[in-house]
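Residues per chain, in single letters:
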Amino acid sequence: PRIDKSISGSVQKMFNENKDLVVTGATRGYKLNQKLKSQGKAVKNSRHLDGKALDLRINPSSERFMKRVNSDKKYKDSLGIEDVIKHHNHIHVEWK
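Everything in this summary refers to the structure shown in the same document. (Residues numbered from 1 in each chain as written. Predicted model: local features only at pLDDT ≥ 70, side-chain atom pairs only at ≥ 80, totals over all residues. Heavy atoms only, no water.)

**Here we look at the overall build of the protein chain**
1) Next: Across its full length, the protein chain holds four helices and four strands.
2) Next: Taken from N to C terminus, the helices and strands of the protein chain fall in the order α-β-α-β-α-α-β-β.
3) Next: Here the C-alpha atoms of the protein chain give a radius of gyration of 13 Å, agreeing with the 12 Å that 2.2 N^0.38 yields for 96 residues.
4) Next: Taken along the three principal axes of its C-alpha coordinates, the protein chain extends 35 × 30 × 20 Å. (Helix = DSSP H or I, 4+ residues; strand = E, 2+ residues; numbered from the N terminus. Rg over C-alpha atoms; globule rule 2.2 N^0.38 Å.)

**Some words on the nonpolar core**
1) Next: Phe65, Ile81, Val84, Val93 and Trp95 are the most contacted members of the largest nonpolar core, which totals 17 residues.
2) Next: Mapped onto this core, the elements with two or more residues apiece are α1 (8-17), β2 (53-56), α3 (60-71), α4 (73-79), β3 (81-86) and β4 (91-95).
3) Next: Val93 has contacts with Lys52, Ala53, Leu54, Leu56, Phe65, Ile81, Asp83 and Val84, leaving out every residue within four places of it along the chain. (Core = buried A, V, L, I, M, F, W, Y, C linked by side-chain atoms within 4.5 Å. Buried < 20%, exposed > 50% of the residue type's maximum accessible area, 1.4 Å probe, protein only. Contact = heavy atoms within 4.5 Å.)

**Some words on the side chain of Lys52**
1) Next: Topologically, Lys52 is positioned in the loop between α2 (30-38) and β2.
2) Next: This buried residue, Lys52, is left without a salt bridge; Asp4 holds the nearest opposite charge, at 4.5 Å.
3) Next: For Lys52, the residues in contact, after removing those within four places along its chain, are Asp4, Ser6, Ile7, Arg47, Val93, Glu94, Trp95 and Lys96. (Lys, Arg positive; Asp, Glu negative; His and termini not counted. Salt bridge = Lys/Arg side-chain N within 4 Å of Asp/Glu carboxyl O.)

**Remarks on the packing of aromatic side chains**
1) Next: Evaluation of the coordinates by the stated rule reveals one aromatic pair.
2) Next: Above the face of the Tyr75 ring, Arg68 is positioned so that its terminal group lies 3.5 Å from the ring centre. (Phe/Tyr/Trp six-rings, centres within 6.5 Å; stacked < 30°, edge-to-face > 60°. Lys NZ or Arg CZ within 6 Å of the ring centre and 35° of its normal.)

**So, the pairing of β3**
1) Next: Where β3 meets β4, five bridges bridge the pair, whose relative direction is antiparallel. Each residue of the ladder has a partner; that of Ile81, found in β4, is Trp95.
2) Next: Linking β3 to β4, which pair antiparallel, is a turn of four residues. (Pairing = 2+ DSSP bridges.)

Next up, the structure:
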């Protein structure tokens, strides 16, 4: 998937430390975002538009990753992550 270069080191570290993460969504264009927004599946200013968000398949590895990021501020800050949110069919990771 295509991502913003400013987060590439953080993303690499995230995958090196969490071997079974699977990306299901990354950078998206304006038209796709508008379509998803009309379906209630995206927000107007999605970080996916600027390449600073990834969606992960829900599995044991992504669940552990989410739990660690949300409970360990130092780890979260070391990756430059703004937020990790579990949606009904994926885990959304958003960078600052």
